Each structure stands twice: as structure tokens, then as C-alpha cells.
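# Descriptive structure summary
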2 protein chains.
Amino acid sequence: MRQPVNLAHASRLVNHGPTVLVSSAHGEHRNVMAAAWSMPVEFTPPRIAVVLDKSTHTRELVLASGRFALNLPCRAQADLCFTVGSVSGSEADKFARYGIKSFDGPATGLPLVEDCVAWLECRLVSEPHAQDAYDTFFGEVVAAQADDRVFANGRWSFRDDNTELHTLHHLGAGVFAVPTQTVQGRVIVPLPDQG
Amino acid sequence: MRQPVNLAHASRLVNHGPTVLVSSAHGEHRNVMAAAWSMPVEFTPPRIAVVLDKSTHTRELVLASGRFALNLPCRAQADLCFTVGSVSGSEADKFARYGIKSFDGPATGLPLVEDCVAWLECRLVSEPHAQDAYDTFFGEVVAAQADDRVFANGRWSFRDDNTELHTLHHLGAGVFAVPTQTVQGRVIVPLPDQG
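From a predicted model like this one, the values you see are computed outputs, not experimental measurements.

## A short note on the sheet that holds strand E15 (residues 181-184) of chain A
- The antiparallel open sheet is built from three strands, whose spatial order is E15(A)-E14(B)-E13(B). Pairing within the sheet leaves two strands with one partner each, and these edge strands are E15 of chain A together with strand E13 (169-172) of chain B. Along the sheet, successive strands turn relative to each other by an average axial angle of 35 degrees, direction set aside.
- For E15 of chain A and strand E14 (residues 175-178) of chain B, the ladder comprises four bridges, and the chain directions are antiparallel. By the bridge assignment for E14 of chain B, glutamine 184 of chain A is matched with valine 175 of chain B.

Right under this line is the structure:
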């Protein structure tokens, strides 16, 4: 079930490098594309960066509207993720073409993709040079939600009983790595003569 | 065994969002820190972005030397990754303190961490505004290597027989997700009335 995520925890949604779906809208137009290249850049205010190539329809909509949303697809949506990453939205409405269900983001009204496992609504922070030179768009997260079956109390919980809800991490050519296991790191004791 | 990676494939090393170790050096000083926040930004020339907080010793060394390297730690190094992400290098040489073995990067001479599974040596592309406003450092990858037991022919290969070599994806508090499985996405057939 979708639950709001405290903005102080927004970076944790994308800290582990998932591939995201970027949704956007302006006027009568809307679009959704896959993006493997995004990262958090700041905890407070929560800010992220995402790469939007100059060839994408999404880029036009984001620049025109000043907003975008990151939707985190899960294992059950691998086909959807690969498909919206393979087809341009400049020719057809991908939501209609592929029967992708969406709901309105509470903060921005942007179309958020149903059955994803997390959603970050963002206000574009205009940085024309970074956009032009590196296709890098900075955004401030203004609202976040997650599916509490897999993200609760500010933490992801990838378990054997929720594998279909695990995030996708694109390796290339439609092959996605899925974080089905976790490991706990421990702080190493310094060598004796190093204090 | 370490093998050179064609620069045209460099982005694939980090496309799936692994946590990296950033190594740096200037004069007599060297350092290594963990960074969950990095991403590719361009295929050709291969460029990446990484967030280096203003509090880090690494940032000083990168600014002074104009270079840095991303080392991709694997499951067997979860303790190492968490440790160098938890301790500042401003007080002690972490390589010596924790007995971290390194070898010289062929392109930059930077200390690269042994037993990682991939290495990207980078030349800093100076962007003072992005560095100041978003702690975001852009770099051009000038050389890349990977362990051919887990990355070969331009592709990651996460299998049951190489689980200790799988990449780490930090969820928070030293818990890392590990991509032990993969799934193949397929392009969806459009709905009948959508052409």
C-alpha cells in the first residue's frame, strides 16, 4: 500500500542506484521514460540529479513545465521498464499505447505509474549549463511515497516474500539486476600499530 | 583477473547504480572513501558524476590533483566499504590504518583498491558551480578495468558461482543490497487500438 515518505528519508529511496521511470507532463502532453542515470545529491533539502538526453521528449516536457517525477519500477515491471526505455514518446502517448495505469501525484499532479514501489515528485532546479553540457537535471523532491510492503520506516526491506517488489538496476539490453539479497557491513578494527 | 575495459563500455560498469570507493591522492596524501551517489552522464566521451561532500578529505585531494578513481567493491568487501565510508581520512591514512592493499592506476597513478571488481580512473572536469551548489563533481573516464570473472565482453555477469564478486548497493546503516539475480525485460506489444 502506498504511504507518504518523510522528505528526510527521500534520498534512501534511490541511494542504492535503481533504474527509474521519469514521468512528465505539460499541457495535453504526458510521457514516461526509463532512466538508469540518476542519483541523490543532497539530504536537506532533498535533491536529486537525473540525466535526460537531448533527444528525449521527456526533456522538452520537463523544461516546459519545471517538474518531473521519478517512479521506481519493480521486478514485476521489467517488461514495462524496458519498453518505455526503448520507445520514444514523441510519436505516441506511451500510457495509452501500452495501457500503463497512472494516478495523479499529490504535490505536482504529474502522472505517477501504478504498481511501482516508490515515487518522488520533483521541482526542476534550473541549471542551464549542467543541462546543456552534461544533460544533468537537478530537482528538489517535494513529495515522496513508497509501497510499505517493501519500504517502511525509512528503509528498504528486500525479502524472500516480496521478490516481485524488488527494484530494477539496468545492466544493459533489457537485463536488470535485482537486489534479492542484503549483507550487513561491519566497521573493521584498525591494525594494531595504526591506532 | 583484471582486464582493461574498452572506454566505450565504461558507463556499463556503473549503469546499475553500485556504491563505489573514491580513491584520490595529492603529494604525500592519499585517501579512499565510500560514495553511494554517482552516475554516468555521457557515453562518448565517457563521463561520470559523483557527489563529494564539502566535509570530505577526498574533496580536497581531488580539487588539488584534478583526478580521482572509482573502485567498485564487491560483496566480499562489505566491511571494507562500510568502514571507509564511516571514518574520515583527514586524521589517518585509511590504507595503512586498515591494511587496504592498492595498486597504481595505469593512467593516473592513483591508488586503486585491490580485490575490487572494477576501476574507473577519471580526470576531473572542473565545474565550480556544480561542485559548490550540489557537491557534484564531473569526471572524464580515461581508463577502466574490471575483473573478468564478473565483467566480460562489456557486460556484468552476476551468477551463483561468483556471488562474492557481486557489487554493493548501499541501503543505509551499512546494509548493502546485492544483485544476486537478473531478469530479462521484453518489449511489450502495443494495445490493439494504439498501433
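## Notes on the relation of the copies chain A and chain B
- Mapping chain A onto chain B calls for a rotation angle of 180 degrees and an axial translation of 0.0 Å; the resulting RMSD is 0.0 Å. In the structure described here, the two chain copies are related by an operation that fits a two-fold rotation axis.
- When the interface residues of chain A are mapped onto chain B, 100% of them again fall at the interface, so both copies present the same face.

## Quick notes on the pairing of strand E10 (residues 136-147) of chain A
Residue and element names in this part refer to chain A.
- The buried count for E10 comes to eleven of twelve residues, which makes it a mostly enclosed element.
- The sheet contact formed by strand E1 (residues 2-4) and E10 spans three bridges and is antiparallel. When the sheet's bridge partners are listed, glutamine 3 is paired in E10 with alanine 146.

## Points about the packing of aromatic side chains
Residues and elements named next belong to chain A.
- For the coordinates displayed, the defined rule picks out ten aromatic pairs over all chains.
- Ring geometry for phenylalanine 151 and tryptophan 156: centres 5.1 Å apart, planes at 75 degrees, overall edge-to-face.
- Residue classification places phenylalanine 151 among the buried positions, given a relative accessible area of 4%.
- For tryptophan 156, a relative accessible area of 7% puts it in the buried group.

## As for the sheet that holds strand E15 (residues 181-184) of chain B
- A sheet is described by the order of its strands in space; here three strands give the open sequence E13(A)-E14(A)-E15(B), paired in antiparallel fashion. Each of the sheet's edge strands pairs with one partner strand only, and the pair in question is strand E13 (169-172) of chain A together with E15 of chain B. The mean inter-strand angle of the sheet, taken between neighbouring strand axes irrespective of direction, is 35 degrees.

## Some thoughts on the interface of chain A and chain B
- Tallying the contact residues gives 64 residues for chain A and 64 residues for chain B.
- Across the chain A/chain B interface, buried area totals approximately 5,600 Å², and carbon plus sulfur atoms make up 59% of it.
- Ranking the residues of chain A by area buried against chain B places Trp37, Tyr134 and Leu171 of chain A at the top, with a combined share of 15%.
- Where chain A touches chain B, the interface holds 32 residue pairs in polar contact (both at pLDDT 80 or more).
- Along the lines of polarity and charge, the residues of the side of chain A that touches chain B split into 34 nonpolar, 21 polar and nine charged.

## Some words on the environment of valine 175 of chain B
- With respect to the helices, strands and loops of the structure, valine 175 of chain B is situated in strand E14.
- By relative accessible area, which is 23% here, valine 175 of chain B ends up partly exposed.
- Not counting chain neighbours up to four residues away, the residues in contact with valine 175 of chain B comprise Thr182, Val183 and Gln184 of chain A together with His169 and His170 of chain B.

## A short note on unusual backbone geometry
- Residue threonine 44 of chain A is joined to proline 45 of chain A through a cis peptide bond whose omega torsion reads -5 degrees.
- Of note in the backbone geometry, aspartate 115 of chain B takes a positive phi value of approximately 70 degrees without being a glycine.
- In this structure, aspartate 115 of chain B sits in the loop between strand E8 (111-113) and strand E9 (118-125).
- On the basis of relative accessibility, which here comes to 59%, the residue aspartate 115 of chain B falls in the exposed class.
- Within the chain, asparagine 153 of chain B stands out as a residue other than glycine whose phi angle is a positive 55 degrees.
- Counting through the fold element by element, asparagine 153 of chain B comes out in the loop between strand E11 (151-152) and strand E12 (155-156).

## Topic: the environment of glycine 105 of chain A
- Tracing the chain through its elements places glycine 105 of chain A in the loop between strand E7 (102-104) and strand E8 (111-113).
- A relative accessible area of 4% means that glycine 105 of chain A is categorised as buried.

## Things to note about helix H2 (residues 57-65) of chain B
Residues and elements named next belong to chain B.
- Taken together, the buried positions of H2 are occupied by His57, Thr58, Arg59, Leu61, Val62 and Ser65.
- The elements touched by buried residues of H2 are strand E2 (20-26), strand E3 (29-35), strand E6 (67-72), E9, helix H5 (128-134) and strand E10 (136-147).
- At the C-terminal side of H2, glycine 66 shows a positive phi close to 70 degrees.

## Brief notes about the side chain of serine 24 of chain B
All names here are of chain B.
- Assignment of secondary structure puts serine 24 in strand E2.
- Residue classification places serine 24 among the buried positions, given a relative accessible area of 0%.
- Sequence-distant contacts of serine 24, that is, excluding residues within four places in its chain, are made with His29, Arg30, Asn31, Thr58, Leu61, Val62, Leu110 and Pro111.

## A closer look at the pattern of salt bridges
- Taken as a whole and judged by the stated rule, the model has 16 salt bridges over all chains.
- The residue arginine 149 of chain A makes a salt bridge to aspartate 147 of chain A at a minimum N-O spacing of 2.7 Å.
- According to the relative accessible area criterion, arginine 149 of chain A is partly exposed, its value standing at 48%.
- Taking the shortest distance from any N to any O, the salt bridge between aspartate 135 of chain B and arginine 59 of chain B comes out at 2.8 Å. Taken together, the residues span a long stretch of sequence, with aspartate 135 of chain B in the loop between H5 and E10 and arginine 59 of chain B in helix H2 at a distance of 76 residues. Side by side, aspartate 135 of chain B and arginine 59 of chain B carry an identical accessibility label, which is buried.

## Description of the side chain of histidine 166 of chain B
All names here are of chain B.
- Turning to its location among the elements, histidine 166 is positioned in the loop between E12 and E13.
- The buried category is assigned to histidine 166, whose relative accessible area is 0%.
- A polar contact of 3.1 Å, which involves the side chain of histidine 166, links it to the backbone oxygen of arginine 159.
- A polar contact of 2.8 Å, which involves the side chain of histidine 166, links it to the side chain of asparagine 162.
- Leaving out residues up to four positions away in the same chain, histidine 166 has contacts with Pro73, Cys74, Arg75, Phe158, Arg159, Val178, Pro179 and Thr180.

Parameters and conventions
Residues numbered from 1 in each chain as written. Chains lettered and ligands numbered in written order. Predicted model: local features only at pLDDT ≥ 70, side-chain atom pairs only at ≥ 80, totals over all residues. Heavy atoms only, no water. Pairing = 2+ DSSP bridges. Helix = DSSP H or I, 4+ residues; strand = E, 2+ residues; numbered from the N terminus. Axes fitted to C-alpha atoms, helices over the stretch in contact; angles between N-to-C directions. Least-squares fit on C-alpha atoms with pLDDT ≥ 70 in both. Contact = heavy atoms within 4.5 Å. Buried < 20%, exposed > 50% of the residue type's maximum accessible area, 1.4 Å probe, protein only. Phe/Tyr/Trp six-rings, centres within 6.5 Å; stacked < 30°, edge-to-face > 60°. Buried area = accessible area lost by both parts, 1.4 Å probe. Polar contact = N/O pair within 3.5 Å; in protein donor to acceptor, adjacent residues only side chain to side chain. Nonpolar A, V, L, I, M, F, W, Y, C, P; charged D, E, K, R; others polar. Salt bridge = Lys/Arg side-chain N within 4 Å of Asp/Glu carboxyl O.

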